[in-house]
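Fold and contact review
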Amino acid sequence: MFAVVRTGGKQYRVAAGDKIAVEKIAGEAGDSVTLDDVLLAGEGADVKAGNVTVSAEIIAQAKGEKVVVFKKRRRHNYRRKKGHRQQYTILRITAIGDQKAEKKAAPKKAAKADSDAPVAQDAPLKVEGAEGQIDTPAKAKPKKETAKKEAASEAPAKSEPTAGEVDAPKKKSTKKAASDKGAGEGE
């Protein structure tokens, strides 16, 4: 069963057992919250828009990534710098209506898999203070850096010049020699 819930001015599609990051809701980790503003609920083709409630458990209170606001007016010596970190609440949906999320009574590996459940798409990419609570997509390393490292490791090390190369006589340039001949003939 799924539901579309509105909280903090945003809408989220949730199912029992999902984890979502929403705008700050009062409460501490472990508290239960009831989301009353359910826009739509249903399962498959059976959809109802009646009075359904969604219950959730607060996992953590966290802050998002810092946003820097910088204002400047040219030629007026006006500069203002402010920062902002949005506060989020990470929720685990426990029940939609009368249908509750099934808890798995399995070993610790299954519990770890449960904590690796995907987060709703509206969640911020980075939420500090909630390490291990929600999944964030890992950033892939640029291919250029790895290619440069591989090329550097494959390049042979420069060797010292041999004695024959160091003592080799240097050739005189032909231009200088030609100018010397011309200067000698003019005398």
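For clarity, every value in this text was computed on a predicted model and none was experimentally measured. (Residues numbered from 1 in each chain as written. Predicted model: local features only at pLDDT ≥ 70, side-chain atom pairs only at ≥ 80, totals over all residues. Heavy atoms only, no water.)

1. So, the sheet that holds strand S6 (residues 46–48)
Taken together, four strands build an open sheet; the order of strands is S2-S1-S5-S6 and the sheet is antiparallel. A single partner strand is all that each edge strand has here, and the edge strands are strand S2 (10–15) and S6. If you compare each strand with its neighbour and ignore which way they point, the axes differ by 20° on average. Here strand S1 (residues 2–7) runs beside strand S5 (residues 38–43); their pairing, made up of four bridges, is antiparallel. For Phe 2, the partnering residue across the bridge sits in S5 and is Gly 42. (Pairing = 2+ DSSP bridges. Helix = DSSP H or I, 4+ residues; strand = E, 2+ residues; numbered from the N terminus. Axes fitted to C-alpha atoms, helices over the stretch in contact; angles between N-to-C directions.)

2. Concerning a positive patch on the surface
A cluster of like positive charges, contributed by Lys 71, Arg 73, Arg 80 and Lys 82, occupies part of the molecular surface. Sorting the residues of the positive patch by element identifies strand S7 (54–73) and strand S8 (78–96) as the ones contributing at least two each. Tracing the chain through its elements places Lys 82 in strand S8. (Patch = residues over 30% accessible without salt bridge, like charges linked within 9 Å, V, L, I, M, F, W, Y side chains within 5 Å. Areas by Shrake-Rupley, 256 points an atom, 1.4 Å probe, with all protein chains shown as cover. Salt bridge = Lys/Arg side-chain N within 4 Å of Asp/Glu carboxyl O. Lys, Arg positive; Asp, Glu negative; His and termini not counted. Charge placed at Lys NZ, Arg CZ, Asp CG, Glu CD.)

3. Observations concerning the nonpolar core
Counting residues in hydrophobic clusters, the biggest one holds 18 residues, and the most contacted among them are Ala 3, Val 14, Val 54 and Leu 91. Broken down by secondary-structure element, the contributors of at least two residues to this core are S1, S2, strand S3 (19–23), strand S4 (32–35), S5, S7 and S8. Val 14 has contacts with Met 1, Phe 2, Ala 3, Val 5, Ile 20, Ile 93 and Ile 96, leaving out every residue within four places of it along the chain. The next biggest cluster of nonpolar side chains, apart from the first, holds five residues, and it includes Ile 59, Ala 60, Ala 62 and Ile 90. (Core = buried A, V, L, I, M, F, W, Y, C linked by side-chain atoms within 4.5 Å. Buried < 20%, exposed > 50% of the residue type's maximum accessible area, 1.4 Å probe, protein only. Contact = heavy atoms within 4.5 Å.)

4. Looking at the pairing of S1
Taking burial as the measure, the six residues of S1 include five buried ones, the bulk of the element. Bridge analysis of S1 against S2 gives six bridges, and the strand direction is antiparallel. Looking across to S2, one finds that Arg 6 is bridged to Gln 11. Between S1 and S2, which pair antiparallel one after the other, the connecting turn spans two residues, and Gly 8 there sits at a positive phi close to 65°.

5. So, the pattern of salt bridges
Per the stated rule, a full pass over the model turns up three salt bridges. Between Arg 6 and Asp 37 there is a salt bridge whose closest N-O contact spans 2.9 Å. Taken together, the positions of Arg 6 in strand S1 and Asp 37 in the loop between S4 and S5 put the pair 31 residues apart, joining distant regions of the chain. Under the relative-accessibility criterion, Arg 6 is labelled partly exposed at 38%. Of the residues examined, Asp 37 reaches a relative accessible area of 33% and is grouped as partly exposed.

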